[in-house]
Amino acid sequence: MLPKGAIRLGAFIAIFAAMALWEAWAPRRVRSYSRLRRWPSNLAIIALNTALLRILLPATAVSLALVGERLSWGLLNNLAISAWMKIVAAVVLLDATIYLQHVMFHAVPALWRVHRMHHADLDFDVTTGARFHPIEILLSMLIKFGVMVALGTPAISVLIFEVLLNATSMFNHGNVRIPVRLDRYLRWLLVTPDMHRVHHSIVVGETNSNFGFNLPWWDRLLGTYRDQPAAGHDGMIIGIEQFREARELWLDRMLLQPLRGPAGAYAITWRSAA
């Protein structure tokens, strides 16, 4: 059997390459900036995050799940249900966790400072799907560790979910064109690029919608679903108000963004002083 790391890396490279080719073949929007302007820093942050996780959290999520199975930690390890039901339940519950975590990173101003680097990208493509501040990556992994221990997620579920999360994040951030009718049906089953692109609108109300990464049901059930951007997909502006200069696409500015300026009006809990 292939090592878990090799499976994840192989899936990442294959999906990234497929999405990049799809974007070149059938782009949804005209780019505001070339790949040469944006991709070096976006790819550098991916490499930095991978290295930090290996150094600071060497115990992988799958390894932790294996320990949990052996010691019977968590809910699912103590329920008398079939193995396949545990696997499906764990994947769905982990996806719900990521949705709620995403909402939390928009609701708490201190966390929004960290998360807004993801939204400050001035274009929307496959690299945006992995453009997260290292602090957010570490916090997200710790949250997942806690939820995995509480749920007692099977190790195979964790591996499936991690591969799915990487794959769907690159897919739903893709600058790819999908026929409107097909998209309308697909978004009942998974988050599509047109659905998630709304979340990257410069308009505050649109930014605070469509939080799902994999399953679209949480947005629909919890009232955060928005069908289309007001300006349309060709007319909408990507990003946030605070960081609009091309210099903000550089790695040093990206890493320092949590320390710069106010949290701003994008945090869900923000209220004006008026």
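Higher on the page you've got the structure.
Residues numbered from 1 in each chain as written. Predicted model: local features only at pLDDT ≥ 70, side-chain atom pairs only at ≥ 80, totals over all residues. Heavy atoms only, no water.

1. Quick word on the environment of Ala130
Right, so step 1: Position of Ala130 among the secondary structure elements: in the loop between helix 5 (109-119) and helix 6 (134-151).
Right, so step 2: For the pair formed by Ala130 and Asn214, sequence separation is 84 residues and the distance between their alpha carbons is 14 Å.
Right, so step 3: Residues in contact with Ala130, not counting those within four places in the same chain, are Ile45, Ile46 and Asn49. (Helix = DSSP H or I, 4+ residues; strand = E, 2+ residues; numbered from the N terminus. Contact = heavy atoms within 4.5 Å.)

2. Description of the packing of aromatic side chains
Pairs of aromatic rings are described using the distance from one ring centre to the other and the angle between the two planes.
Right, so step 1: Applying the stated criterion across every chain, the model contains 6 aromatic pairs.
Right, so step 2: With 5.9 Å between their ring centres and 25° between their planes, Phe12 and Phe16 make a pair best called stacked. Here Phe12 and its partner Phe16 are both found in helix 1 (residues 4-25), 4 residues apart, which amounts to about one turn of the helix.
Right, so step 3: Exposure remark for Phe16: the relative accessible area of 14% places this residue in the buried category.
Right, so step 4: Among the aromatic residues, those joined into a cluster by ring pairs are Phe12, Phe16 and Trp39.
Right, so step 5: Its end group placed over the ring of Trp188, Arg220 keeps NZ or CZ at 3.7 Å from the ring centre.
Right, so step 6: Sitting over the ring of Tyr225, Arg220 keeps its end group 4.2 Å from the ring centre. (Phe/Tyr/Trp six-rings, centres within 6.5 Å; stacked < 30°, edge-to-face > 60°. Buried < 20%, exposed > 50% of the residue type's maximum accessible area, 1.4 Å probe, protein only. Lys NZ or Arg CZ within 6 Å of the ring centre and 35° of its normal.)

3. Quick notes on the nonpolar core
Right, so step 1: The biggest cluster of nonpolar side chains holds 18 residues, and the ones touching the most others in it are Phe145, Met148, Val158 and Phe161.
Right, so step 2: Those elements that place two or more of their residues in this core are helix 3 (61-71), helix 4 (83-107), helix 6 and helix 7 (155-172).
Right, so step 3: Apart from the residues within four sequence positions on either side, Val158 is in contact with Ala61, Val62, Ala65, Met148 and Thr153. (Core = buried A, V, L, I, M, F, W, Y, C linked by side-chain atoms within 4.5 Å.)

4. Quick look at unusual backbone geometry
Right, so step 1: Of note in this structure, Ser72 is not a glycine but carries a positive phi near 60°.
Right, so step 2: Its place among the elements puts Ser72 in the loop between helix 3 and helix 4.
Right, so step 3: With a relative accessible area of 38%, Ser72 lands in the partly exposed category.
Right, so step 4: Of note, Asn210 is a non-glycine position whose phi angle comes to about 50°, a positive value.

5. Here we look at the pattern of salt bridges
Right, so step 1: Under the definition given, this model contains 14 salt bridges.
Right, so step 2: Arg38 is the salt-bridge partner of Asp121, the closest N and O atoms lying 2.8 Å from each other. Here Asp121 is found in the loop between helix 5 and helix 6, whereas its partner Arg38 is found in helix 2 (residues 35-56), with 83 residues between them in sequence.
Right, so step 3: Looking at Asp121, the relative accessible area reads 0%, which means it is buried.
Right, so step 4: Across the pair Asp227 and Arg187 runs a salt bridge whose closest N-O atoms are separated by 3.4 Å. With Asp227 in the loop between helix 11 (217-222) and helix 12 (232-235) and Arg187 in the loop between helix 8 (180-186) and helix 9 (193-197), this pair connects stretches of sequence that are 40 residues apart. (Salt bridge = Lys/Arg side-chain N within 4 Å of Asp/Glu carboxyl O.)

6. Notes on the packing of helix 4 against helix 5
Right, so step 1: Viewed as axis vectors pointing N to C, helix 4 and helix 5 meet at an angle of 105°, and their least axial separation amounts to 6 Å. The angle between helix 4 and helix 5 falls in the class roughly perpendicular. Across the interface between the two elements, His102, Met104, Phe105, His106 and Ala107 of helix 4 pack against Pro109, Leu111, Trp112, His115 and His119 of helix 5.
Right, so step 2: Within the contact of helix 4 with helix 5, the residues separate by chemical class into 6 nonpolar, 4 polar and no charged. (Axes fitted to C-alpha atoms, helices over the stretch in contact; angles between N-to-C directions. Parallel < 35°, antiparallel > 145°, perpendicular 65-115°, else oblique. Nonpolar A, V, L, I, M, F, W, Y, C, P; charged D, E, K, R; others polar.)

7. Focus on helix 7
Right, so step 1: The end-to-end C-alpha distance of helix 7 is 25 Å, a good match for the 26 Å that 18 residues give at a rise of 1.5 Å each.
Right, so step 2: Burial within helix 7 is extensive, with 13 of its 18 residues counted as buried. (Expected span 1.5 Å × (residues − 1).)

8. With respect to the environment of Asn42
Right, so step 1: Secondary-structure assignment places Asn42 in helix 2.
Right, so step 2: On the accessibility criterion, Asn42 (1% relative accessible area) is buried.
Right, so step 3: Each C-alpha atom of the pair Asn42 and Asp121 lies 9.0 Å from the other, and the pair is 79 residues apart in sequence.
Right, so step 4: Setting aside chain neighbours within four positions, we find Asn42 in contact with Asp121, Thr127, Thr128, Arg131 and Met254.

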